[in-house]
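# Reading the structure
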Amino acid sequence: MIRKLQGLRRGSSMWRRCSSFPALKQIHAFMVVNGFNTDLFALRELIFASAIAISGTIDYAHRLFDHISQPDIFIWNTMIRGSSQSSRPFKAIYLFSQMERSCVRPDHFTFPFLLKASTRLSSISLGSEIHGKILKFGFESDDFIRNSLINLHANCGDLNVASAIFRGAPMKDVVAWSSLIAGVYAKCGEMESARKLFDAVLVKDVVSWNAMIAGYVLQGSQVEAMEVFEEMQRAGERPDEVTLLSLLSACADSGALDIGQRIHCSLVESGSNYLSTVLGNALIDMYAKCGSIGKAMEVFRGMREKDISTWNSMIGGLAFHGHGEESIQLFAEMRRERVRPDEITFVGVLVGCSHGGMVEEGWRYFDLMMNEYGIEPNVKHYGCMVDILGRAGLLIEAFELVENMRIEPNAIIWRTLLGACRVHGNVELGERANKRLLDMRHDQSGDFVLLSNIYASMGEWGGAEKVRKLMDDRGVMKAAGCSVVEADNNQGVANL
């Protein structure tokens, strides 16, 4: 027992084994039983473990903190840090106000965490108040604090202030450059300005390159993102996981399968036999969106560790590309592996049922979602069920489902019903769906055209003419059809 107490003081053994919430509570109980609940070192380790080291235990840290009579600056900073990166960053600001009332003087570690909380809250006013405190305590020359200020103002869109702080810095490190570059693209989309800043950086690190690549990806400029990546390689900078995730996202959005395959090959050629879950998920998503379902499945089968996103991406990829039965089989495998599905999983499963014409299975999985897993259906789940019933010609059942939905149906659901009525030539129900659509929106020409086509398909030309006249009376113009033609990386739009 003595050795255990000494080990707790030194932090040499017990805290290293504290990697989960149950372990944390066991150590806390050990401290209370053995009179360590007032030992300052043990309290520091306990707060650090619960506020930062173990995910999802910040609320427990707050409860522990409330019972510490005289926390020192380390404990205050640890709680502020943990709160700033939690789902409730405003608690970091509240803790700081408590700290001031307790007459505990902040140090240079306190303010970066407060500025991070302000950034996550997108609050310039809070950031400005903290900036005033920084000046009051004389920490304005601290490089880390200055970079945090640049990051705050840049990410909140206040580029003039961010630039002024940047220009006033005697030494401009890579972090400062990256913060300003990231702020330019993240909030303002001014990639030309970001590029000028980037070109002015003499020494670039992987963060700087990632900021530019991610900026172009967010702006939808996939070609430019790839060009920066090629520059990065020529400069001898090794990409990290963040770089590759941005690039794979660009490939998925643009359909650049060849580039995505090159990235995949580079990962294989790097000699790493282990593909992280995040990168594996990104590759599955890229291959699925580019229509290469076989390659997506290869990646899926080759992954050692899978999370819920891995299963969802593969099930959804199979379903959306018409492999309904395969998506259902994969869902069954997921359940055998005792992976708990979520609401996204069931969207993929129901889409698979829809594309496979599996009505009974659709109802079964819809009920399974609610009754076994306690997931309340959202508008996407209802939309899938309406599509399943509509494709099968079960229009009355589809209308009954919509009328009895636990949430308000949106325009997409009513338009799905209207489209099903057109396919199956049901004028009466088509009129009902169109009326509900017109109650929600009045300027969508496609809704009128669908109803007109229903009349025309049944030879009711008077009804079709009535719809056309209603369009004219409401000033609704039929949008011209168009196609996108891509040649030599140049896109052109041709009206039909």
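Residues numbered from 1 in each chain as written. Predicted model: local features only at pLDDT ≥ 70, side-chain atom pairs only at ≥ 80, totals over all residues. Heavy atoms only, no water.

### Points about the overall build of the protein
For the protein, the count of helices and strands is 28 helices and two strands. Out of the 496 residues in the protein, the part that is buried amounts to 47%. For the protein, long-range pairs separated by at least 24 residues make up 57% of all intrachain contacts whose partners lie at least 6 apart in sequence. (Helix = DSSP H or I, 4+ residues; strand = E, 2+ residues; numbered from the N terminus. Buried < 20%, exposed > 50% of the residue type's maximum accessible area, 1.4 Å probe, protein only. Contact = heavy atoms within 4.5 Å.)

### Some points on the packing of aromatic side chains
Across all of its chains, the model carries twelve aromatic pairs by this definition. One aromatic cluster is present, formed by Phe 96, Phe 111, Phe 137 and Phe 139 through successive ring pairs. Geometry around Phe 300 places Lys 306 over its ring, the cationic atom sitting 5.0 Å from the centre. A cation over a ring is seen here: Arg 364 above Tyr 365, with NZ or CZ 4.8 Å from the ring centre. (Phe/Tyr/Trp six-rings, centres within 6.5 Å; stacked < 30°, edge-to-face > 60°. Lys NZ or Arg CZ within 6 Å of the ring centre and 35° of its normal.)

### Digging into the packing of helix H15 (residues 241–254) against helix H17 (residues 277–289)
Their axes nearest at 8 Å, the elements H15 and H17 cross at an angle of 15°. Considering their axes alone, H15 and H17 lie roughly parallel with respect to each other. You can see that H15 and H17 cross each other, and the crossing is left-handed. Here H15 contributes Glu 241, Leu 244, Leu 245, Leu 248, Cys 251, Ala 252 and Asp 253 to the contact with H17, which in turn contributes Val 278, Leu 279, Ala 282, Leu 283, Asp 285, Met 286 and Lys 289. The class makeup of the residues in the contact of H15 with H17 is ten nonpolar, no polar and four charged. (Axes fitted to C-alpha atoms, helices over the stretch in contact; angles between N-to-C directions. Parallel < 35°, antiparallel > 145°, perpendicular 65-115°, else oblique. Left-handed = near helix turned anticlockwise from the far one by under 90°. Nonpolar A, V, L, I, M, F, W, Y, C, P; charged D, E, K, R; others polar.)

### Some details on the pattern of salt bridges
Within this structure, the stated rule accounts for 13 salt bridges. For Asp 72, the salt bridge goes to Arg 44, with nearest N and O atoms at 2.6 Å. With Asp 72 in the loop between helix H4 (58–65) and helix H5 (73–84) and Arg 44 in helix H3 (residues 40–53), this pair connects stretches of sequence that are 28 residues apart. What makes Asp 72 buried here is its relative accessible area of 15%. The exposure class assigned to Arg 44 is partly exposed, which follows from its relative accessible area of 31%. (Salt bridge = Lys/Arg side-chain N within 4 Å of Asp/Glu carboxyl O.)

### Quick word on the confidence of the model for the protein
Residues of the protein with pLDDT of at least 70 account for 80%, and the chain-wide mean is 81. Counting contacts from residues 479–496, a segment whose pLDDT is below 50, to residues more than four positions away or on other chains yields 18 contacts. (pLDDT = per-residue confidence, 0-100.)

### Some remarks on helix H19 (residues 308–320)
With 13 residues, H19 should cover 18 Å at 1.5 Å per step; its first-to-last C-alpha distance of 18 Å lies within 8% of that length. Thr 310, Trp 311, Asn 312, Met 314, Ile 315, Gly 316, Gly 317, Leu 318 and Ala 319 are the residues of H19 that are buried. Of the surrounding elements, those touching the buried residues of H19 are H17, helix H18 (293–302), helix H20 (324–336) and helix H21 (343–355). For H19, the N-terminal capping position is held by Asp 307, with its side-chain oxygen 3.1 Å away from the main-chain nitrogen of Ser 309. (Expected span 1.5 Å × (residues − 1). Polar contact = N/O pair within 3.5 Å; in protein donor to acceptor, adjacent residues only side chain to side chain.)

### Some remarks on H4
Within H4, six of the eight residues are buried, which leaves it mostly tucked inside the rest of the structure. Taken together, the buried positions of H4 are Ile 58, Tyr 60, Ala 61, His 62, Leu 64 and Phe 65. Residues of H4 that are buried make contact with helix H2 (21–33), H3, H5 and helix H6 (90–101).

### Overview of the packing of H18 against H19
The axes of two packed helices give the description: the angle between them and the distance between them. Remark: H18 packs on H19, axes separated minimally by 10 Å, with the N-to-C direction vectors making an angle of 160°. When the axis of H18 is compared with that of H19, the two are roughly antiparallel. Relative to H19, H18 is oriented so that their crossing is left-handed. Together, Ile 293, Ala 296, Met 297 and Phe 300 of H18 and Thr 310, Trp 311, Met 314, Gly 317 and Leu 318 of H19 make up the contact between the two elements. Each residue belonging to the contact of H18 with H19 can be placed in one class, and the counts come to seven nonpolar, two polar and no charged.

### Structural notes on the environment of Gly 356
Counting through the fold element by element, Gly 356 comes out in the loop between H21 and helix H22 (359–371). When the C-alpha positions of Gly 356 and Ile 328 are compared, they lie 9.8 Å apart, and in sequence the two are 28 residues distant.

### What about the side chain of Ser 148?
Tracing the backbone shows Ser 148 in helix H9 (residues 143–155). Residue classification places Ser 148 among the buried positions, given a relative accessible area of 12%. In this structure the side chain of Ser 148 is engaged in a polar contact, spanning 3.0 Å, whose partner is the backbone oxygen of Phe 144. Excluding its chain neighbours within four sequence positions, the residues that come into contact with Ser 148 are Pro 112 and Leu 115.

### Regarding the environment of Phe 74
By the element assignment, Phe 74 lies in helix H5. Along the backbone, Phe 74 and Ile 47 are 27 residues apart, and their C-alpha atoms lie at a distance of 9.7 Å. Excluding residues within four positions of it along the chain, Phe 74 makes contact with Arg 44 and Phe 48.

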